[in-house]
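# Inside the fold
Here is what each chain is made of, one letter per residue.
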Amino acid sequence: MKDFQALIGEWHGEGEVPMEPPMKISVEAKLERLGEFIVMRSVGEPAEMPDSVSIIGGAPDGEPQPMHYFDSRGVKRLFMMALEGSTWKIWRAPGEDWKGPDGPGFNQRFIGEISADGKTIEGRWERGMGDAGDEWGIDFPMDYFRK
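A short tour of the structure in this document, coming up. (Residues numbered from 1 in each chain as written. Predicted model: local features only at pLDDT ≥ 70, side-chain atom pairs only at ≥ 80, totals over all residues. Heavy atoms only, no water.)

## A few points about the side chain of Asp139
The criterion, for reference: Elements are defined by DSSP. Helices are runs of H or I of four residues or more, strands are runs of E of two residues or more, and each kind is numbered from the N terminus. Summary of the burial criterion: residues with accessible area below 20% of their type's maximum are buried, those above 50% are exposed, and those between are partly exposed, where the area comes from a 1.4 Å probe applied to protein chains only. N or O atoms within 3.5 Å of each other form a polar contact, as long as, within protein, one can give a hydrogen and the other can take it, and as long as residues adjacent in sequence are counted only when both atoms are side-chain atoms.
In this structure, Asp139 sits in strand β10 (residues 135-146). Taking the relative accessible area as the measure of exposure, Asp139 reaches 11% and is therefore buried. Among the polar contacts listed, one links the side chain of Asp139 to the side chain of Gln108, at a separation of 3.0 Å.

Okay, structure coming up:
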């Protein structure tokens, strides 16, 4: 879990969902240690952005970590999370049915690049489409700024 030290702290996130009209979104996120785990909390705006909490950890150090996600819509998902150099990745756990029953019917992953000074993360959520959910396109950009 020491690999994730660069993410610990409070962050402000900004993005824009490509719809008509485009929806600007913001999030206040906090990542903190809880024993051997990391807890990630976020509160989003506007109201359509769900608030969420994730519990991360449980795998051996150096391996991708399970990320149990829960949000204010009642959605729960199992993701995996890894930090490879300066690249932060979150993806649907193997074996999880991307069409449900607890997901919205699409596959999703996050890729973020942490700046050299650790103060910004330039990221994007991607959506998997197609019959297998493995044709990837940008869902929406999401950049984070350390508070």
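## Some remarks on the pattern of salt bridges
Note the following rule: Within this document, salt bridges are pairs made up of a side-chain nitrogen of Lys or Arg and a carboxyl oxygen of Asp or Glu, the two lying within 4 Å of each other.
Tallied over the full model, the rule gives 10 salt bridges. A salt bridge links Asp61 to Lys2, with the nearest nitrogen and oxygen atoms 3.8 Å apart. You can see Asp61 sitting in the loop between β4 (52-56) and β5 (65-71) and its partner Lys2 sitting in the segment before β1 (9-17), a full 59 residues away along the chain. Among the salt bridges present, the one from Glu126 reaches Arg124, with a minimum N-O distance of 2.7 Å.

## Focus: the sheet that holds strand β6 (residues 76-84)
Put simply, the rule is: Paired strands, as defined in this entry, are two strands with at least two bridges between them according to DSSP. Throughout, an axis means a line fitted to C-alpha atoms (over the contacting stretch in the case of helices), and angles, computed between N-to-C directions, take values from 0 to 180 degrees.
Taking strand neighbours around the barrel as the criterion, the 10 strands line up as β1-β2-β3-β4-β5-β6-β7-β8-β9-β10 in a closed arrangement whose pairing is antiparallel. Neighbouring strand axes in the sheet, compared pairwise and without regard to direction, differ in orientation by 25° on average.

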